[in-house]
Amino acid sequence: MRRPRPGRATGHAMVDVELEVEVDDAPSALALVAAGSPHHGVVHEVPAVPGATSAGDGPPAAAGSAPSSPRRRLRRRAAVVATLAVVATAAGVATVVEERRERERAAELAGLEGVVEPFAEPVGVTWRASTALGSTTADDLVLRWQETPSGLELQAVDSATGVARWSAPRGPGDGVDWCDGAAEADGTPVVVCWRVSPAEGTEQDGEAETFEGALVLLDAQDGGVVAEHPMALPSSGYGVLDGDVVLGYRDGGAARVVRLDAAAGTAVWEREVPLTARQVDGSYSAWLTVDAGLVLVQGATTVVLTAEGDLLGTWDAVDTDAAGFSEAQQGVQVDATAEGFGVWPQSLDRTGASDGTWYDRDGVVVAQVEGFLAEPPVSDGSAPHVLLTAPGTRFDLDATDLRTGERLWSVPLEGGAVLVRRDGAAVAADGRRVFAVDLVTGEERWSVPVPGVRPDLGSVTDGERVLVLAQDGGWTLQAVGLDGLPLWRMPLPASVAMPDVMPPGTPALWAIGTRAVTTNGQVLVGLAPGAGLPADPLRSEP
Amino acid sequence: MAARPGDAMVDVVLLDDDEPDAPVLPTALPRVPRQRTRLASGNGPALRTADVGADSPPPAERTPGELARLRRVRRRALAVVGVVAVVGGALGATDAARDAAESRRLSALPGFVAPLGDPLAEAWRLEAPGEVRVAGALLLAADGDELVATDLVTGARAWSAPVDGLAGTGVTGCVGTAGASPVVACVAEDGRVAVLDAAGGTEVPVPADGARVVRLLALDGDLVRLTGEPASLDRVDARTGEARWSVALPPGVAGSEPAVEHGLVTFTGETGAVVDGADGTLLGTFPGSEVRRPDGAAAAVVRATPDGYGVWVAERRRFGDMTGRWFSRDGDELGALRGWLAEPRASDHTEPSVLLTVTDSPVLRAVGPDGALRWAARPELGLPVVRVDGTAVLASADVLRRVDLVDGRTLWSAPLAEGDAVTTVSDGRHLLVLSASVEDGRSLAAVALEDGRTAWRESVPASWELLDAGTSDVVLVRDGPDVLALR
């Protein structure tokens with residue numbers, strides 16, 4: 001197992017610690033890394049490393065060595081006192097420097113999307129909520145359906161406290177039928193909801209249908225209706241761009257995309273794009289998503305638009321042997337990042353060829369890539385010119401230099417995933433370990449054994465650590481420092497007990513707002529360091 | 001930007017290494033509504049997609065979520081039409097009869113249930129708030145001091161027997177034997193065994209031999225008894241008590257958990273072992289690791305198929321996938337398997353040259369008995385829930401798909417909706433899926449393994465839980481204090 005050189009590049013270790021490393025009889029590399037880590041002092045389980053000795057396990061004094069004279073002992077004592085004084089002074093300075101750095105990093109991390117509250121210590125359950133009837137999210141709110149004596153209602157739960165902020169009945173009337181995502185109306189955070197009833201007329205009778213739905217924007221704080229915009233047609237998917245809502249309609253052989261000011265209900269811009277390909281059955285279809293600030297119209301024809309509505313490209317479905325593939329009607333696969341977007345023409349729901357083309361945010365071809373996008377959910381923007389992909393024909397993680405189009409490196413990644421980009425490294429997990437590779441060189445920086453780690457079930461990071469689920473005899477939560485230190489592990493809370501077999505890709509650990517949550521599908525719980533059992537789940541504010 | 005793990009690789013990946021792990025066999029996959037793993041990125045969260053269908057806007061009362069489902073339904077409907085158009089004319093009565101016979105054959109195999117071609121209906125309901133056990137063709141439940149047996153097919157009370165010291169909490173296990181004269185045998189905490197005639201519940205007078213039985217298993221028409229002092233295993237005629245064979249067990253084996261798998265008696269625990277059920281030959285013993293794992297997990301895990309068995313010995317700390325040793329039925333070591341065995345319970349064991357294992361990643365690996373890799377699949381393709389006709393049906397959180405066991409090629413795939421929970425209940429032609437949604441509540445559906453379409457879907461009460469009772473005659477469901485059977 002490779003370990004980082006002490007004091008190297010993680011940003012936490014300090015120079016004076018690095019100097020001590022060069023002393024011949026220094027403690028183990030692991031102990032030194034620990035000394036320079038922001039996690040120093042945190043109780044953690046360190047795996048047995050053959051040959052490694054802990055600081056307290058130093059070799060005993062040689063047997064039979066001559067006893068020291070009083071003068072020598074005095075000299076040695078003076079030296080020890082002086083050394084201790086120097087060490088104490090250095091430690092004091094180091095503490096001050098470290099605290100300042102931690103403050104700086106905390107400030108920096110606070111702006112990173114997807115980063116949760118620190119979990120230096122083992123976490124506990126702060127709240128729990130049943131999600132058996134379905135749930136969505138909007139910023140820091142969990143939106144969960146629950147049954148009441150008067151029918152179904154949507155309850156908005158603060159993910160930080162577990163307190164129910166408000167609830168809304170299910171439509172019609174003043175209710176809502178579907179809520180998911182957050183937007184802004186005149187600077188007020190709102191939850192994007194839809195009321196889609198009643199409907200008049202039926203297709204079977206040949207009568208024209210009347211859509212009387214509405215886009216309903218609820219105040220995220222109190223659930224009050226901030227705005228309500230009647231819709232003549234149901235939007236075919238939707239997304240949020242800088243607080244605005246983006247809607248999509250199909251009109252014959254064209255798709256109409258509208259970016260809507262959420263408060264006023266007026267169009268910021270409107271674009272119509274032709275649908276040049278049809279489904280296998282001859283029909284048109286289109287649905288809209290927003291990915292990394294780009295608007296995607298998907299279907300047999302795939303369209304990419306900028307946030308301003310400028311057309312970046314259109315692609316039609318390739319004639320492939322798509323029989324049996326449920327999503328074959330999708331023209332191409334498009335995935336976007338802050339740096340650009342990739343197009344995979346023969347993806348077949350990611351079961352087909354993984355040869356794709358990468359474009360910059362202006363729609364200019366940058367590179368040909370082998371592999372589907374393998375970027376993590378959280379990134380500090382490290383090495384933005386390096387694109388991570390995972391090819392379909394081998395279990396590898398590839399990096400492509402977007403400035404030259406050349407492949408930079410390739411490392412084995414069997415069935416794993418990249419969890420986070422941080423400090424110039426990609427931190428990944430592969431079922432056996434959590435490890436970091438340098439984004440530019442591909443060199444492995446560190447590796448921590450985590451047998452049974454399941455990155456496909458999700459992960460969270462606080463910017464200094466990553467929290468993963470692992471199954472090794474039982475389900476556990478395990479925290480690993482982003483400097484390569486195993487920190488702590490604990491059994492998964494009993495309230496979200498999971499079965500032995502979890503279908504791959506089942507979301508079980510992720511972030512809502514700045515809180516880590518985990519679920520077994522029936523129950524969602526909020527996690528926080530040192531939290532005890534919830535006194536009263538989903539208590540309502542007085 | 002997509003960030004879901006597993007988004008990254010294609011269908012089948014060939015590897016050049018080989019290695020195995022313990023039974024992470026899919027039993028009942030959980031009902032886990034999909035939630036967004038991805039953190040909201042850029043200017044807002046990626047939202048659910050919906051789709052406008054062919055020529056007219058969807059009915060106005062449909063939510064985007066409903067529209068997404070509608071899209072899937074339409075696709076499946078198209079698939080149905082296509083299949084009917086192509087096949088319909090040619091499918092004659094003979095084929096239908098053959099198909100029905102094949103369904104019956106499969107449903108008679110261990111691990112499969114009775115044909116699921118038509119919507120299931122409640123056949124009977126029984127109040128049984130406590131634990132229930134299936135023994136042969138009977139459902140056993142304790143009612144006060146009596147042991148009550150219910151016919152699994154009819155739901156009629158077959159008999160109730162006040163068995164001294166065996167009813168209620170005194171019973172530690174009951175098994176039902178097969179054969180022409182089946183019995184129900186129960187073992188009590190004090191090691192005594194009571195044998196009852198399965199037809200009438202009358203006690204069968206088996207001569208007592210003083211054995212203090214720890215565990216009781218059924219093997220065809222006989223009983224296999226594990227005794228602790230001295231540690232031994234024997235096979236006896238259920239009605240006469242006549243010994244077929246008896247074998248002394250090496251130290252540590254009697255403390256492990258025994259099971260009958262495909263004619264072998266396997267032991268999983270601190271010390272693993274395999275005994276040939278036919279003649280009592282001790283095929284092997286496998287001590288667990290010297291240092292017991294802190295989490296209490298079994299030290300040695302043994303799993304068997306009709307063609308062989310494997311042993312996985314846990315290490316206190318490990319730094320890679322579990323590796324198992326694979327043996328022939330005769331005990332010859334054939335190779336090393338990387339990852340745990342991933343053979344589903346519902347299996348017809350076709351294509352025996354292919355074994356399915358799963359690594360921690362979890363990558364599905366298809367290997368030969370010698371451990372040589374044939375193909376491997378990315379995690380998002382799913383884990384096996386049914387194996388039939390040389391194919392495997394894999395379930396992930398999002399998709400159900402059927403793959404060819406020889407080359408891993410995908411034969412069809414069908415998306416799973418939010419709230420869908422794939423079960424392992426199959427008749428070899430269908431697979432049951434439990435679903436839940438705000439719009440439709442709870443429902444039970446049968447997915448046809450032929451093409452992935454939904455054969456039928458029925459609303460069910462929200463309180464239903466599928467019972468994993470290992471019966472082939474009915475699908476058992478717990479509904480509060482009641483147990484009910486679906487046929």
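Preceding this section is the structure that the text describes.
Conventions adopted
- Residues numbered from 1 in each chain as written.
- Chains lettered and ligands numbered in written order.
- Predicted model: local features only at pLDDT ≥ 70, side-chain atom pairs only at ≥ 80, totals over all residues.
- Heavy atoms only, no water.
- Helix = DSSP H or I, 4+ residues; strand = E, 2+ residues; numbered from the N terminus.
- Buried < 20%, exposed > 50% of the residue type's maximum accessible area, 1.4 Å probe, protein only.
- Areas by Shrake-Rupley, 256 points an atom, 1.4 Å probe, with all protein chains shown as cover.
- Disulfide = S-S within 2.5 Å.
- Salt bridge = Lys/Arg side-chain N within 4 Å of Asp/Glu carboxyl O.
- Core = buried A, V, L, I, M, F, W, Y, C linked by side-chain atoms within 4.5 Å.
- Contact = heavy atoms within 4.5 Å.
- Pairing = 2+ DSSP bridges.
- Axes fitted to C-alpha atoms, helices over the stretch in contact; angles between N-to-C directions.

What about the overall build of chain B?
At step 1: In terms of helices and strands, chain B carries two helices and 36 strands.
At step 2: Of all 487 residues assigned to chain B, the portion counted as buried reaches 56%.
At step 3: Total accessible area on chain B is roughly 18700 Å²; 52% of this is exposed by carbon and sulfur atoms.

Some remarks on the state of the cysteines
At step 1: Evaluated as defined, the whole model comprises two disulfides over all chains.
At step 2: A sulfur-sulfur distance of 2.0 Å marks the disulfide that ties A:Cys179 to A:Cys193. Negative torsions about the S-S bond denote left-handed disulfides, and the value of about 110 degrees found for A:Cys179 with A:Cys193 makes this one right-handed. Taken together, the residues A:Cys179 in strand β6 (residues 178–185) and A:Cys193 in strand β7 (residues 188–195) connect sequence positions 14 residues apart.
At step 3: When its relative accessible area of 0% is taken as the criterion, A:Cys193 is described as buried.
At step 4: Sulfur-sulfur distance for the disulfide between B:Cys174 and B:Cys186 comes to 2.0 Å. Between B:Cys174 and B:Cys186 the sulfur-sulfur dihedral comes to about 110 degrees; the bridge is accordingly right-handed.

Here's the deal with the pattern of salt bridges
All names here are of chain A.
At step 1: In the structure shown here, the tally under the stated rule is 48 salt bridges over all chains.
At step 2: Across the pair aspartate 396 and arginine 394 runs a salt bridge whose closest N-O atoms are separated by 2.8 Å. Across the pair, arginine 394 and aspartate 396 agree in class, each one buried.
At step 3: For arginine 394, a relative accessible area of 19% puts it in the buried group.

Here we look at the nonpolar core
At step 1: The biggest cluster of nonpolar side chains holds 29 residues, and the ones touching the most others in it are B:Trp312, B:Leu337, B:Leu356, B:Leu364 and B:Trp375.
At step 2: B:Leu356 has contacts with B:Trp340, B:Leu341, B:Ala342, B:Glu343, B:Leu364, B:Arg365, B:Ala366, B:Trp375, B:Pro384, B:Arg387, B:Ala392 and B:Leu405, leaving out every residue within four places of it along the chain.
At step 3: If you look at the next biggest cluster of nonpolar residues, it comprises 25 residues, including A:Val125, A:Leu457, A:Ala508 and A:Leu527.

Describing the sheet that holds strand β27 (residues 391–395) of chain B
Residues and elements named next belong to chain B.
At step 1: The strand order β26-β27-β28-β29 describes an open sheet built from four strands, whose pairing is antiparallel. Each of the sheet's edge strands pairs with one partner strand only, and the pair in question is β26 (383–388) and β29 (410–415). If you compare each strand with its neighbour and ignore which way they point, the axes differ by 20 degrees on average.
At step 2: Of the pairings in the sheet, the one linking strand β28 (residues 399–404) to β29 comprises five bridges and is antiparallel in character. Across the sheet, residue arginine 401 finds its bridge partner in β29, namely serine 413.

Thoughts on the environment of B:Ala278
Residue and element names in this part refer to chain B.
At step 1: By the secondary structure assignment, alanine 278 is in the loop between β16 (271–276) and β17 (282–287).
At step 2: Separated by 180 residues in the primary sequence, alanine 278 and glutamate 458 place their C-alpha atoms 44 Å from one another.
At step 3: Residues contacting alanine 278, with those up to four places away along its chain left out, are Arg235, Trp245 and Gly263.

Brief notes about unusual backbone geometry
Peptide bonds are mostly trans, and most non-glycine residues show a negative phi.
At step 1: Between B:Glu229 and B:Pro230 the backbone carries a cis peptide bond, its omega angle lying at 0 degrees.
At step 2: Structurally, the position occupied by B:Pro230 is in the loop between β11 (222–227) and β12 (232–237).
At step 3: Along the chain, B:Ser361 connects to B:Pro362 via a cis peptide bond; the corresponding omega equals 5 degrees.
At step 4: Mapped onto the elements, B:Pro362 comes out in the loop between β23 (355–358) and β24 (364–367).
At step 5: Here the phi dihedral of A:Asp139 falls at roughly 50 degrees; this positive angle occurs in a residue that is not glycine.
At step 6: Secondary-structure assignment places A:Asp139 in the loop between β2 (135–138) and β3 (141–148).
At step 7: Here B:Asp220, not a glycine, exhibits a phi torsion of approximately 55 degrees, which is positive.
At step 8: In this fold, B:Asp220 is placed in the loop between β10 (213–219) and β11.
At step 9: On the accessibility criterion, B:Asp220 (54% relative accessible area) is exposed.

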